Every structure is written in C-alpha cells, then in structure tokens.
Amino acid sequence: MYPEGKAIYGVDEAGRGPLAGPVYAACVVLDSCHVINGLADSKQLSEKRRTSLAGQIKQYARAWAIASASVEEIDRLNILQASMLAMRRAVIELMPVSNSLIVVDGTHVPQLDYEVQAVIRGDSLVAEISAASILAKTARDAEMLRLHEIYPIYGFDRHKGYPTKAHLEAIRLHGITAIHRKSFAPCVLRN
C-alpha cells in the first residue's frame, strides 16, 4: 500500500466529540518483525481488548508517542485545530526519520515538515493508525477516570465526557467545571 523503504508513522486522535476533557492523539511506528494481532479501530473494540492491545503496542512497537491538547486550547483554537495540535505534538515527539510517511486517520492532516497523507477510515484500514487510535483512546479514557476522582458527580467514569443523557443532566443540575469545553454547546449556555 505504501512505498517500499518508507517508515510509516500512523496517527489518530480520540476525544473530539466529548463536552469535557482534553483531546488526545498518538503516533505509532509498528515493528514488522513483531505483528500485533487484533489491531482495529479503537471504537470497535471492548475496553478490555483495547487495554490489552495498548500494552502490546507499547511493548512491541518500534516507537510510539501520546500527546494531548488541553480544554483551554480546544476553546481557544476550536476542536479541529486542537486535534491537529495534539497530532503534531505526538509526531514531533518521535522525531521521524527523513524517509517517513505520516498517515493520519480522516480527511484533515496536521501541518508537519514531513510527507503526510490522510486516509479515510484509516483506523480500520491501516495497522499503524489502528494502533495510534488504541493508544489515544486508552490514554484519554485513563485521564477521564482520573478526572472522575475530582468531579465524581458528573460520571466521567461511565461516559468519558461524551454528551450522554446522564452527563447533560449533571450539567443541568451542577453547571460546568473547569474541565468542560466552554465553546461546546450546551456548556456555552451554562458558562
């Protein structure tokens, strides 16, 4: 699928849709000598399977990095630009080699000084992007569990900040917190 001799860096994000918490991104370079079975779009995997695969990715990938963009950056830049920022941070942390190809899930790509290619449904089609999807999702979920300890009445342990009925009801009853995205409706209405 990709040019021979290119180092493939897969990139994906997690957390564009929630009303609370940072957006995360990961960049992964897999090792062709150690195949990780079961890589797929993180949204298609159970939490238990994602956690297991994340451990394997961290152990067997040639390189990986996880980065994020804060709620303040999301509100200042907008969620798309904050996602691109998190992706850029993850890629730059790995300092790709000169013959790299950065493959990114979706239709938008971050501004980078490397060859970059958008791959629609890449998290289902490209193993490196699937791996990045899994690392970004598990890292974000872990952060939302940490934030649940600080703000237990919002139920972040269950919905991870997504606009579920329970989360919307908690916002209605208690208002928003410092980790809510104030530029997102309905948070903007409660600010």
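Before reading on, note that the structure itself is shown above.
Residues numbered from 1 in each chain as written. Predicted model: local features only at pLDDT ≥ 70, side-chain atom pairs only at ≥ 80, totals over all residues. Heavy atoms only, no water.

1. Here's the deal with the overall build of the protein
Here comes step 1: From N to C terminus, the protein includes 8 helices and 5 strands.
Here comes step 2: Taken from N to C terminus, the helices and strands of the protein fall in the order β-β-α-β-α-α-β-β-α-α-α-α-α.
Here comes step 3: Taken over C-alpha atoms, the radius of gyration comes to 17 Å for the protein, in line with the 16 Å a tight globule of 191 residues would show.
Here comes step 4: In terms of overall dimensions, the protein has a C-alpha envelope of 55 × 35 × 25 Å along the principal axes.
Here comes step 5: Buried residues in the protein amount to 51% of all 191 residues.
Here comes step 6: Once local pairs closer than 6 in sequence are excluded, the contacts in the protein between residues at least 24 apart make up 62%.
Here comes step 7: Summing over all exposed atoms, the protein offers an accessible surface of approximately 9,400 Å²; the carbon and sulfur share of this is 52%.
Here comes step 8: Between the centroid of the 22 positive side chains of the protein and the centroid of its 20 negative side chains there is a distance of 6 Å. (Helix = DSSP H or I, 4+ residues; strand = E, 2+ residues; numbered from the N terminus. Rg over C-alpha atoms; globule rule 2.2 N^0.38 Å. Buried < 20%, exposed > 50% of the residue type's maximum accessible area, 1.4 Å probe, protein only. Contact = heavy atoms within 4.5 Å. Areas by Shrake-Rupley, 256 points an atom, 1.4 Å probe, with all protein chains shown as cover. Lys, Arg positive; Asp, Glu negative; His and termini not counted. Charge placed at Lys NZ, Arg CZ, Asp CG, Glu CD.)

2. Overview of helix 1 (residues 47–60)
Here comes step 1: Compared with the 20 Å implied by 1.5 Å per residue over 14 residues, the 20 Å span of helix 1 between its first and last C-alpha is a close match.
Here comes step 2: Among all positions in helix 1, only Arg-50, Leu-53, Ala-54 and Ile-57 are buried. Projection of helix 1 onto a plane perpendicular to its axis shows the buried side chains occupying an angular sector of 110 degrees, all on one side. Facing away from the buried side of helix 1 by more than 90 degrees, the exposed set consists of Lys-48 and Gln-59.
Here comes step 3: Buried residues along helix 1 sit in contact with strand 2 (23–29), strand 3 (63–69) and helix 5 (127–150). (Expected span 1.5 Å × (residues − 1). Arc of directions from axis to C-beta.)

Just geometry here; none of it tells us what the structure is for.
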